[in-house]
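Descriptive structure summary
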Amino acid sequence: MNDSAAPLPPPANPKLRRMANALRALAMDAVEQAKSGHPGMPMGMADIATVLFTQFLRFDPKAPDWPDRDRFILSNGHGSMLLYGLLHLTGYPDMTMDEIRRFRQLGSRTAGHPERGLASGIEVTTGPLGQGLGNSVGMALAERHLAAEFGDALVDHHTYVFCGDGCLMEGISHEALSLAGHLRLNKLIVFWDDNSISIDGPTDLAVSDDQVMRFRAHGWNAERIDGLDHNAIADAIRRAQASDRPSLIACRTIIAYGAPTKAGTAAAHGNPLGAEEIKGARERLGWEYPPFVVPNDVAQEWRETGGRGAAVRQAWEQRLAAAAPERRSEFLRRYDAKLPANFDAVIAKVCDEFRAKNAKIATRQASGNVLDALAPSVPELIGGSADLTPSNNTKAKGEEDVKPGNFSGRYIRYGVREHEMAAAMNGMVAHGGLIPYGGTFLTFTDYCRPSIRLSALSELGVIYVMTHDSIGLGEDGPTHQPIEHLAALRSIPRLQVFRPADPIETAECWALALKSRHTPSVLALTRQSVPLLRTEAGAENRSARGAYVLAEADGPRRVTLLATGSEVGLATTAREALVKDGIAAAVVSMPCWELFERQPEDYRNAVLGSAPRVGVEAAVRFGWDRWLGPRSAFVGMSDFGASAPGEAVYQHFGITAEKVAEAARSLL
């Protein structure tokens, strides 16, 4: 569809259209100045954004993080100038006109795609299409869960999402829509920018789905409207707010609305319009002002829009102040991301119980025991699994399921939706008030990886409970046995990968993950049983340093055995064999490389020692050489696994105490 240079039809509400045109002009100007960006979406969705922000959205730029604000997510993050324009015009202090001018420049708050933390008002990092939609389900679920606990007086807000054709083509959208529809998250409202254009051209080159029917099939309320009709937009929002289901508002729009030759074409999607096209758009829109200039009357209307939320926020603050003291302090504790006062004592008690039993159990089972202890004391913990609850041991004793119409439970049945589980957990952390954890098999981090990466980029403390962490899972075979996954996860910046060796380390790693509120964590846990290695008493969290000497050599070291997870037990057995041969060997457990890297150099050197080193891990060698040094060996995997009982697979691939000892001897 081409808008051509014909005069634009007069709007029903000229004031709202002028306010929308301010958004269009800022988007055109910023993209043009940067010589990079996506002007088409902001110009097409400007009227929808104007109606939403002026008439419905509850927000306060002077208190951008107040807990009961509505959440607004720009899932089609390439249209970031729409969000930046809204934040600037409504008065967010850190979104100045200088930042608009510096769009897509080094060090600016106005990155190419919205990044949480760069500016207030950016709820989540978006850009990878569909992620914002996935996050929104977690946000809407967090709102309903916290409302069930604290009441509507303190928690009662909507989650609004803008998304585009690309978001709905991505596979994560299927998982997100399905879960939201199943749970009947009726305070989730999605606006689809139905402009029929993608980067390649018309969307019918690649897709012919009936999206409205698709949403309805997932249990959503869905309708089509004219995305340029202010009254139609407002009426649709009112209907969505009154719905008992999540809602889709499919908004028929024109990409780059107002541009004389590029409107309605792919040329306006991901490139600057150009000076002549912008000149023509200004004429057609009746926008006679120079670049980056917003007339006083329009600026005043937008600032008044931003100011209206203060009274709503203040009324909420009064309700919070009137709440029972214990309830108020608990609410604030959670939103301040502070753990309960007895947290360390709970972890210490669990460790004492592990030592007293001295049982050989899988670290996934130990993790379940830790959760059983934590659940009563840390009520903000909300767990789940991608249809692997009995295998992941992620459901604590006494936890109730989250169900449609009853959100008071603390366990989410995600179904076989790993990608959405991860994206939803990002949304929950971004929402605030909850600490989500979710489980699947470590090999299926492949299905979660885009969301795990965004957890790290956004500094969201999600906890990923990934069990069946090696060939030790056995009979399910190479499709399920993770080989390269630890290396792949360790390569993600700002992500902590924990691989505990025994029940004590498992409890310690849980404690570290829960205290890392701005760093996501992966807990890689065994299917097979492992012995208790840490039998000594003491409250020190030795895993906090990332690596430590589990068993020092008797005398000067001749070799150091470095291992993680279940292979620490193998290294310990190998050490015993070496000692019998008169070889002084030390065992170093390395539950978290990322934490070890942060330690002082003298500590790292003391742990690693100067003797030859053998690395042991039932995974690929990639990444290990930073620890091994010039005189070293590695006992691990170099190919995919095999289907057989776990012990037989270890024997087949030569990951045994005997092979570790043999590798050590070869270095002497």
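Residues numbered from 1 in each chain as written. Predicted model: local features only at pLDDT ≥ 70, side-chain atom pairs only at ≥ 80, totals over all residues. Heavy atoms only, no water.

**Looking at the overall build of the protein chain**
The helix and strand inventory of the protein chain stands at 26 helices and 20 strands. Overall, the C-alpha framework of the protein chain stretches about 90 × 55 × 45 Å when taken along its three principal axes. Per-residue burial for the protein chain yields a buried fraction of 64% across its 668 residues. Restricting the contact set of the protein chain to residue pairs at least 6 apart, pairs at least 24 apart contribute 78%. Of the charged side chains in the protein chain, 71 are positive and 79 negative; the average position of the first set lies 3 Å away from that of the second. (Helix = DSSP H or I, 4+ residues; strand = E, 2+ residues; numbered from the N terminus. Buried < 20%, exposed > 50% of the residue type's maximum accessible area, 1.4 Å probe, protein only. Contact = heavy atoms within 4.5 Å. Lys, Arg positive; Asp, Glu negative; His and termini not counted. Charge placed at Lys NZ, Arg CZ, Asp CG, Glu CD.)

**Focus on the side chain of S247**
When you line up the elements, S247 lands in strand β7 (residues 247-252). Separated by 3.4 Å, the side chains of S247 and N221 make a polar contact. Those residues in contact with S247 that lie beyond four places of it in its chain are L188, I189, V190, W220, N221 and A240. (Polar contact = N/O pair within 3.5 Å; in protein donor to acceptor, adjacent residues only side chain to side chain.)

**Looking at the pattern of salt bridges**
In this structure the tally under the stated criterion is 40 salt bridges. Of the charged contacts in the structure, one is a salt bridge between R494 and E459, with a shortest N-O distance of 3.7 Å. Taken as a pair, R494 in the loop between α19 (485-490) and β13 (496-498) and E459 in the loop between α18 (445-458) and β12 (463-467) lie far apart in primary sequence, 35 residues in all. Since its relative accessible area comes to 45%, R494 is described here as partly exposed. Judged by its relative accessible area of 39%, E459 is partly exposed. Residue E536 is joined to R534 by a salt bridge in which the shortest nitrogen-to-oxygen separation is 2.7 Å. (Salt bridge = Lys/Arg side-chain N within 4 Å of Asp/Glu carboxyl O.)

**Notes on the sheet that holds β7**
Strand order in the open sheet made by the 5 strands is β1-β2-β3-β7-β6, with parallel pairing throughout. This sheet does not close on itself; its edge strands, each paired only once, are β1 (71-74) and β6 (221-226). Along the sheet, successive strands turn relative to each other by an average axial angle of 20°, direction set aside. Looking at chain direction, strand β2 (residues 159-163) and strand β3 (residues 188-194) are connected through 5 bridges and run parallel. Of the residues in β3, the one forming a bridge with C163 is W192. This element, helix α3 (residues 80-90), spans β1 and β2 of the sheet and lies at about 145° to β1. (Pairing = 2+ DSSP bridges. Axes fitted to C-alpha atoms, helices over the stretch in contact; angles between N-to-C directions.)

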